[in-house]
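Each chain, letter by letter, is given below.
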Amino acid sequence: MNTPITQTLRQRAIETARIILAEKPVYLDTETTGLGPEAEILEISIIDDDGAVLFESLVRPAGSIPADVTRIHGIKDVDVQTARSWPAIWPEVRSILFGRLIVIYNAEFDLRMMAQSHARYRLPWKERFRTFDLLKLYAEYRGEWDPRRQSYRYHSLDAAGKQCGIVLPNAHRATADTLLTRALLHYIAGVPY
């Protein structure tokens, strides 16, 4: 049963989603070599407001891809051996992102991975992109309180998609996840995707 507080919070999330959609954002997702401070990007995808792929590429990391990470997204060292490196793709990626609102599911993670990928090649990270974290908005929209964290419970992108009945697959690949992120924002806003 929804309480008035939950309904108000959900309505605020819906209104926020509509405001974000009105800005015609781009959507970004990455796949990485792990989660820790040495991890780097090995796949990136950016799609436009209309769902068109603006950029999609495997990225050759400086290090190898751990087997436990490959089991999650399926990307192996052999898959990226002829891919361009992060410094080679960054100018194109940056030009697409510059001046746009970027919607990311768990923006903190993907921004950290971009900065870490820069650091791996001793490139300075000076970017101040305008980002919107859909993970946090979905937590408010869903409205499940996590007493341990004293905030609304976060849900994985896969779980959020399933909870909303979105039929796009979450394949743990950058483009599929980016399309799912876009569909989820549209779902929250009550707008067809």
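Residues numbered from 1 in each chain as written. Predicted model: local features only at pLDDT ≥ 70, side-chain atom pairs only at ≥ 80, totals over all residues. Heavy atoms only, no water.

Identification of the protein chain as 3'-5' exonuclease from Anaerolinea thermolimosa is taken from an unreviewed UniProt entry.

**Regarding the side chain of His73**
Take His73: it is sitting in helix α2 (residues 67-73). At 3.0 Å, the side chain of His73 and the backbone nitrogen of Ile75 are in polar contact. (Helix = DSSP H or I, 4+ residues; strand = E, 2+ residues; numbered from the N terminus. Polar contact = N/O pair within 3.5 Å; in protein donor to acceptor, adjacent residues only side chain to side chain.)

**Side note on the side chain of Thr178**
Tracing the chain through its elements places Thr178 in helix α8 (residues 174-189). Of note is the side chain of Thr178, whose polar atom sits 3.3 Å from the backbone nitrogen of Asp29. With residues near it in sequence (within four places) discarded, Thr178 still touches Tyr27, Leu28, Asp29, Ser45 and Ile47. (Contact = heavy atoms within 4.5 Å.)

**Describing the sheet that holds strand β3 (residues 53-58)**
Taken together, the five strands give an open sheet; going across it, the order is β3-β2-β1-β4-β5, and neighbouring strands pair in mixed fashion. One side of each edge strand has no neighbouring strand; the edge strands of this open sheet are β3 and β5 (130-133). Averaged over all neighbouring strand pairs, the angle between strand axes comes to 25°, with direction disregarded. Bridge analysis of strand β2 (residues 41-47) against β3 gives five bridges, and the strand direction is antiparallel. Pairing of Ile44 across the sheet is with Ser57, part of β3. (Pairing = 2+ DSSP bridges. Axes fitted to C-alpha atoms, helices over the stretch in contact; angles between N-to-C directions.)

**Some details on the pairing of β5**
Look at any regular strand and the pattern is simple: side chains alternate between the two faces of the sheet. Pairing analysis gives four bridges linking strand β4 (residues 101-104) to β5, with the strands arranged parallel. Bridging from a neighbouring strand, Ile102 pairs with Thr131 of β5. The parallel pair β4 and β5, bridged by helix α5 (residues 107-120), forms a crossover whose chirality is right-handed. (Right-handed = clockwise from strand over helix to strand, strands pointing away.)

**With respect to unusual backbone geometry**
The backbone of Lys24 sits at a positive phi, close to 50°, despite the residue not being glycine. The phi dihedral of Gln150 is positive, around 60°, even though this residue is not glycine. Given a relative accessible area of 54%, Gln150 falls into the exposed group. (Buried < 20%, exposed > 50% of the residue type's maximum accessible area, 1.4 Å probe, protein only.)

**Quick notes on the pattern of salt bridges**
Across all of its chains, the model carries 14 salt bridges by this definition. Arg149 is the partner of Asp146 in a salt bridge, and the nearest nitrogen-oxygen pair spans 3.9 Å. Using a relative accessible area of 33% as the deciding quantity, one classes Arg149 as partly exposed. Through salt bridges with shared partners, one network takes in Arg142, Glu144, Asp146, Arg149 and Arg153. (Salt bridge = Lys/Arg side-chain N within 4 Å of Asp/Glu carboxyl O.)

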